[in-house]
Amino acid sequence: MYIPQRFFSVCIFLALVGGYYAQYYLKITPCSYCLYQRYIFMTAIVFFAIKPLKKLGCLALIIGLCLSFYQLGLEHHYWSDLLQKCHSALPHFASSAQLKDFLKEAPVARCDQINWRILGISATLWTAAFQGVLIFLYCTARRYRGRF
């Protein structure tokens, strides 16, 4: 089974484009963990683009998959946020008018709620499935191709 190395970078890049499209065009505010997923995706793109580092690209996807499962647990209330990233600290406000202006301009997405559904399924679950498929394809290609 031959899969060109750039296939993984292109797939991950398209997933990032989808995330930014949702944020800026559909006005869906990402939570803290969604932003971490983006950083992991960016790292994986770089690793997959550099041939000697492609194993690290797969490792980045595995780390992202673990983060997705953690976020799924938060969304379904299987556990509470151990990393305390769902609630950001608010700055100090001198007046209630400043607080009101801040709340109007800065929507906050909660990590422990499903913020975006695609075909009725949480975007976090789609992200986990996407990463799982890419990891499976990478491992399968390495197995059948040898030194892919």
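Heads up: the structure comes first, above all this text.
Everything numeric in this text was worked out from a predicted model, so none of it was measured. (Residues numbered from 1 in each chain as written. Predicted model: local features only at pLDDT ≥ 70, side-chain atom pairs only at ≥ 80, totals over all residues. Heavy atoms only, no water.)

Trainee: How would you sum up the overall build of the protein chain? Please name residues and give values.
Mentor: What the protein chain contains, in helices and strands, is five helices and two strands. The linear arrangement of helices and strands in the protein chain, starting from the amino end, is α-α-α-α-β-β-α. In the protein chain, which comprises 148 residues, the share counted as buried stands at 36%. Sequence separation of at least 24 residues holds for 72% of the intrachain contacts in the protein chain that already meet a minimum separation of 6. Accessible surface, the protein chain as shown: approximately 9500 Å² in total, 66% of it carbon and sulfur. (Helix = DSSP H or I, 4+ residues; strand = E, 2+ residues; numbered from the N terminus. Buried < 20%, exposed > 50% of the residue type's maximum accessible area, 1.4 Å probe, protein only. Contact = heavy atoms within 4.5 Å. Areas by Shrake-Rupley, 256 points an atom, 1.4 Å probe, with all protein chains shown as cover.)

Trainee: Lay out unusual backbone geometry with the relevant residues and their values.
Mentor: Phi is positive for K27, which is not a glycine, with a value near 60 degrees. Position of K27 among the secondary structure elements: in the loop between α1 (5-24) and α2 (32-49). On the basis of relative accessibility, which here comes to 64%, the residue K27 falls in the exposed class. Despite not being glycine, H77 has its phi angle at roughly 60 degrees, a positive value. Positionally, H77 belongs in the loop between α3 (54-75) and α4 (96-105).

Trainee: Quick rundown of the side chain of T124? Include the residues and the values.
Mentor: With respect to the helices and strands, T124 occurs in helix α5 (residues 123-145). Excluding residues within four positions of it along the chain, T124 makes contact with S68, Q71, L72 and E75.

Trainee: An account of the nonpolar core is requested, with residue identities and associated values reported.
Mentor: Membership of the largest hydrophobic core comes to 28 residues, with the highest contact counts inside it found for F8, I12, Y33, A44, F48, L61 and L134. Among the elements that take part in this core, α3 stands out by supplying eight residues, more than any other. Those residues within four positions of L61 in sequence are excluded, and the remaining contacts are I12, F41, A44, F48, Q131, L134 and I135. (Core = buried A, V, L, I, M, F, W, Y, C linked by side-chain atoms within 4.5 Å.)

Trainee: Tell me what's going on with a nonpolar patch on the surface, and back it up with residues and numbers.
Mentor: Residues Y20, Y24, L35, Y36, Y39 and M42 make up a contiguous nonpolar surface patch of about 570 Å² in total accessible area. Contributing elements (two or more residues each) for the nonpolar patch: α1 and α2. Top contributing element to the nonpolar patch by residue count: α2, with four residues. By the secondary structure assignment, L35 is in helix α2. (Patch = residues over 30% accessible without salt bridge, like charges linked within 9 Å, V, L, I, M, F, W, Y side chains within 5 Å. Salt bridge = Lys/Arg side-chain N within 4 Å of Asp/Glu carboxyl O.)

Trainee: Outline the packing of α2 against α5, supporting the account with residue identities and numerical values.
Mentor: Packed helix pairs are characterised by how far apart their axes lie and by the angle those axes make with each other. Viewed as axis vectors pointing N to C, α2 and α5 meet at an angle of 20 degrees, and their least axial separation amounts to 13 Å. Here α5 runs roughly parallel to α2, going by the angle between their axes. Relative to α5, α2 is oriented so that their crossing is left-handed. On α5, the residues that touch Q37, F41 and F48 of α2 are T127, F130, Q131 and Y138. (Axes fitted to C-alpha atoms, helices over the stretch in contact; angles between N-to-C directions. Parallel < 35°, antiparallel > 145°, perpendicular 65-115°, else oblique. Left-handed = near helix turned anticlockwise from the far one by under 90°.)

Trainee: Help me get a handle on the packing of aromatic side chains, residues and values and all.
Mentor: Any two aromatic rings considered together are summarised by their centre-to-centre distance and by the angle between their planes. A complete count under the given rule lists eleven aromatic pairs for this structure. Aromatic side chains F8 and F48 sit 5.0 Å apart centroid to centroid with 20 degrees between the ring planes, which places their arrangement in the stacked category. With a gap of 40 residues between them, F8 in helix α1 and F48 in helix α2 connect regions that are remote in the sequence. Assessed through its relative accessible area of 1%, F48 is described here as buried. Centre to centre, the rings of Y33 and Y70 are 5.5 Å apart; their planes meet at 75 degrees, and the pair counts as edge-to-face. Here Y33, found in helix α2, pairs with Y70, found in helix α3; they are 37 residues apart in sequence, far enough to count as distant. Judged by relative accessible area, Y70 falls into the buried class, the value being 15%. Among the aromatic residues, those joined into a cluster by ring pairs are Y33, Y36, Y70, Y78 and W79. Of note, R38 hangs over the ring of Y20, and the distance from its end group to the ring centre comes to 4.3 Å. (Phe/Tyr/Trp six-rings, centres within 6.5 Å; stacked < 30°, edge-to-face > 60°. Lys NZ or Arg CZ within 6 Å of the ring centre and 35° of its normal.)

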